[in-house]
Amino acid sequence: MTTRATELLRVVHARPGVTRADAARLIGVGTGATTELVGRLGQAGLLAEEPAAPSGARGRPTTSLIPHPRGPLIAAASITHEAWRVDVVELGGGTLATVREEVGGHSGGEVVAAIGAAVTRLRRQYGDRIRGIGISAPGTVSRDLVLDASALGWHDVDLAAAWPGAEIFVAGNDATLAASAESHRGVAVGASVALHLRIEAGLGGAVVNGGQVLVGALGAAGEFGHMPFGDPAVACPCGAYGCWGTAVDGSALARLLGHDQPRDPVSYARRIIAATDPEPAAATATVAAALGRGIAGLVNGLDPDLVTLGGLGADLLAAAPQPLEEAYRAGLMAFRRASPPPVLAAALGDDGPLAGAAEEAWTALLASLV
Ligand SMILES: [Zn+2]
């Protein structure tokens with residue numbers, strides 16, 4: 001396959017349904033050559049066309065470029081503290097099938113085995129079309145696909161067991177993948193520097209610089225929840241004291257309300273944040289302020305265009321925007337206050353990590369089709 005053909009597939013992946021005329025402009029190729037490219041990609045089972053809605057412009061009617069009905073697919077999986085899910089994702093990011101199950105106290109190895117069984121069933125259904133897998137996991141993922149999720153008590157979990165010998169296998173931290181997805185398909189598209197923060201059981205995130213996620217020397221960058229912006233007296237499961245994550249998640253709400261540490265910290269936090277009684281509302285405001293203050297520190301240090309919040313971060317922003325905003329502004333250096341980078345809910349919401357896993361796997365697949 002030529003470079004031009006790969007570029008065309010990338011354009012259709014980024015903008016599913018793009019017209020053939022727009023795609024030709026975007027890859028800088030004449031309409032005749034593009035028609036020939038589309039024909040070849042159609043024969044290769046990679047691309048299809050359908051009539052485009054009339055644009056009102058003069059000239060020959062164009063067509064929309066869409067995934068081939070028998071084209072390649074990716075399995076994208078996400079593991080959270082409470083459930084796992086596998087989607088079958090086509091070119092352009094559309095979902096063809098979803099399988100979902102509760103984690104329900106299972107070990108990391110058992111969850112990976114259950115995902116593997118789901119992938120095997122999906123491959124029976126879709127045949128060779130499923131070419132690889134991307135997995136999002138709530139912890140650090142080493143280069144050899146071993147997961148360590150300290151908040152779940154999972155260590156040395158072999159993610160590769162989900163599909164041994166897969167042609168394409170990518171895996172990463174949920175917050176990092178959500179950041180990547182937000183920069184590909186969410187509100188951070190086109191940002192020069194975007195900061196994404198995601199709160200689940202703890203806080204993670206990533207800096208995306210010019211569309212590239214900063215992954216760090218060991219691949220473990222973005223552990224913003226373990227910066228000491230929290231109460232120095234509070235121990236974090238990571239082994240440090242005073243971690244910011246312990247001031248903004250379900251454990252922080254439980255501490256403020258005098259509750260035992262919740263077994264399901266994310267559902268617990270969602271319930272508290274949604275409650276309107278004065279006591280939970282005050283705890284939510286305190287936690288939202290701790291979030292806003294830390295965001296100010298990161299904005300002072302990193303100078304992003306915008307900050308996106310995923311997971312419980314979006315819930316806190318919706319429930320207590322004022323304490324969050326006030327603490328954010330108070331922590332900003334004065335010269336930033338006139339036009340502070342906006343703090344926005346991530347457009348992809350809870351789907352961000354799975355969308356990011358699909359993006360990473362599709363990026364690898366598109367490169368392998370060359
Ligand atoms: Zn920590």
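How each quantity is defined
- Residues numbered from 1 in each chain as written.
- Predicted model: local features only at pLDDT ≥ 70, side-chain atom pairs only at ≥ 80, totals over all residues.
- Heavy atoms only, no water.
- Helix = DSSP H or I, 4+ residues; strand = E, 2+ residues; numbered from the N terminus.
- Contact = heavy atoms within 4.5 Å.
- Core = buried A, V, L, I, M, F, W, Y, C linked by side-chain atoms within 4.5 Å.
- Buried < 20%, exposed > 50% of the residue type's maximum accessible area, 1.4 Å probe, protein only.
- Donors = N, O, S within 2.8 Å, 3.2 Å for Na, K, Ca; no water.
- Tetrahedral: all angles 85-135°; square planar, octahedral: opposite > 155°, others 65-115°.
- Pairing = 2+ DSSP bridges.
- Axes fitted to C-alpha atoms, helices over the stretch in contact; angles between N-to-C directions.
- Salt bridge = Lys/Arg side-chain N within 4 Å of Asp/Glu carboxyl O.
- Expected span 1.5 Å × (residues − 1).
- Arc of directions from axis to C-beta.
- Domains from an automatic or database assignment.
- 1 Å grid on protein atoms, 1.4 Å probe; cavity = no way out; pocket = protein on both sides within 12 Å on 5 of 7 lines; lining within 4 Å.
- Points joined across faces, edges and corners; volume = space filled by probe spheres on them.
- Nonpolar A, V, L, I, M, F, W, Y, C, P; charged D, E, K, R; others polar.

## A look at the environment of Glu 82
Checked against the element boundaries, Glu 82 lands in the loop between strand 3 (73–79) and strand 4 (83–90). Sequence spacing of Glu 82 and Asp 264 is 182 residues, and the spatial spacing of their C-alpha atoms is 7.2 Å. Setting aside its immediate chain neighbours within four residues, Glu 82 contacts Glu 102, Val 103, Gly 104, Asp 264, Pro 265, Val 266 and Ser 267.

## A word on the nonpolar core
Core analysis: the biggest nonpolar cluster contains 38 residues, and Leu 197, Trp 244, Val 248, Leu 291, Ile 295 and Leu 309 have the highest contact counts within it. When residues of this core are traced back to their parent elements, those giving at least two are strand 11 (193–200), strand 12 (202–209), helix 6 (250–257), helix 7 (265–274), helix 8 (278–302), strand 14 (306–311), helix 9 (312–319) and helix 10 (321–331). Per-element accounting of this core gives the leading share, nine residues, to helix 8. Counting 31 residues, the second largest nonpolar core, distinct from the first, contains Ala 75, Ala 97, Tyr 126 and Val 157.

## Examining the coordination of the zinc ion
Taken together, His 226 (ND1), Cys 236 (SG), Cys 238 (SG) and Cys 243 (SG) make up the full set of protein donors to the zinc ion, lying 1.9 to 2.3 Å away. Each of the four donor atoms bound to the zinc ion contributes to angles spanning 104 to 115 degrees, and the resulting shape is tetrahedral. Between consecutive donors of the zinc ion, the numbers of intervening residues give the motif H-x9-C-x1-C-x4-C. Of this pair, His 226 sits in the loop between strand 13 (212–213) and helix 6 while Cys 236 sits in the loop between strand 13 and helix 6, and the two are ten residues apart along the sequence. Owing to a relative accessible area of 10%, Cys 236 belongs among the buried residues under this scheme.

## So, the sheet that holds strand 11
Pairing is mixed across the open sheet formed by five strands, whose spatial order is 13-12-11-14-15. The strands lining the two open edges of the sheet, one partner per strand, are strand 13 and strand 15 (343–345). Strand direction decides the pairing type here: strand 11 and strand 12, joined by eight bridges, are antiparallel. Residue pairing across strands places Glu 200 opposite Gly 202, the latter belonging to strand 12. Along the sheet, helix 8 contacts strand 11, strand 12, strand 14 and strand 15; its crossing angle with strand 11, the most-contacted strand, is approximately 155 degrees.

## Overview of the pattern of salt bridges
Going through the model one piece at a time under the given rule, you end up with 14 salt bridges. Residue Arg 85 is joined to Asp 87 by a salt bridge in which the shortest nitrogen-to-oxygen separation is 2.9 Å. Arg 270 is the partner of Asp 315 in a salt bridge, and the nearest nitrogen-oxygen pair spans 2.9 Å. With Asp 315 in helix 9 and Arg 270 in helix 7, the pair connects residues that are 45 residues apart, well separated along the chain.

## Examining helix 4 (residues 108–126)
Count 3.6 residues to each turn of an α-helix, and residues three or four apart come out pointing the same way. The end-to-end C-alpha distance of helix 4 is 27 Å, a good match for the 27 Å that 19 residues give at a rise of 1.5 Å each. The set of residues buried in helix 4 consists of Gly 108, Val 111, Val 112, Ile 115, Gly 116, Ala 118, Val 119, Leu 122 and Tyr 126. Burial along helix 4 is one-sided: seen end-on, the buried residues are contained in an arc of 165 degrees. Contacts made by the buried residues of helix 4 are with strand 3, strand 4, strand 5 (95–102), strand 6 (130–137) and strand 9 (154–158). A positive backbone phi angle near 65 degrees is found at Gly 127, which sits one or two residues after helix 4.

## A few points about helix 7
Those residues of helix 7 not exposed but buried are Pro 265, Val 266, Tyr 268, Ala 269, Ile 272 and Ile 273. For helix 7, the buried positions fall inside an angular range of 160 degrees around the axis, keeping them on one side. For helix 7, the exposed residues lying more than 90 degrees away from the buried face are Arg 271 and Ala 274. Its buried side turned inward, helix 7 meets strand 11, helix 6, helix 8 and helix 9.

## Details of the domain arrangement of the protein
Here the protein is partitioned into domain 1 (3–66), domain 2 (73–178 + 352–368) and domain 3 (187–346). Between the C-alpha centres of domain 1 and domain 3 there is a distance of 41 Å.

## Digging into the layout of surface pockets
In this structure, the second largest pocket occupies an estimated 390 Å³ of space. Contributing to the lining of the second largest pocket are 21 residues, with Thr 80, Ala 83, Arg 100, Glu 200 and Asp 350 lying nearest its centre. Listed by contribution, the elements that provide at least two residues to the lining of the second largest pocket are strand 3, strand 4, strand 5, strand 11, helix 7 and helix 11 (352–368). Here the residues of the lining of the second largest pocket are counted per class, giving six nonpolar, five polar and ten charged. For the lining of the second largest pocket, the two domains that each supply at least three residues are domain 2 (73–178 + 352–368) and domain 3 (187–346).

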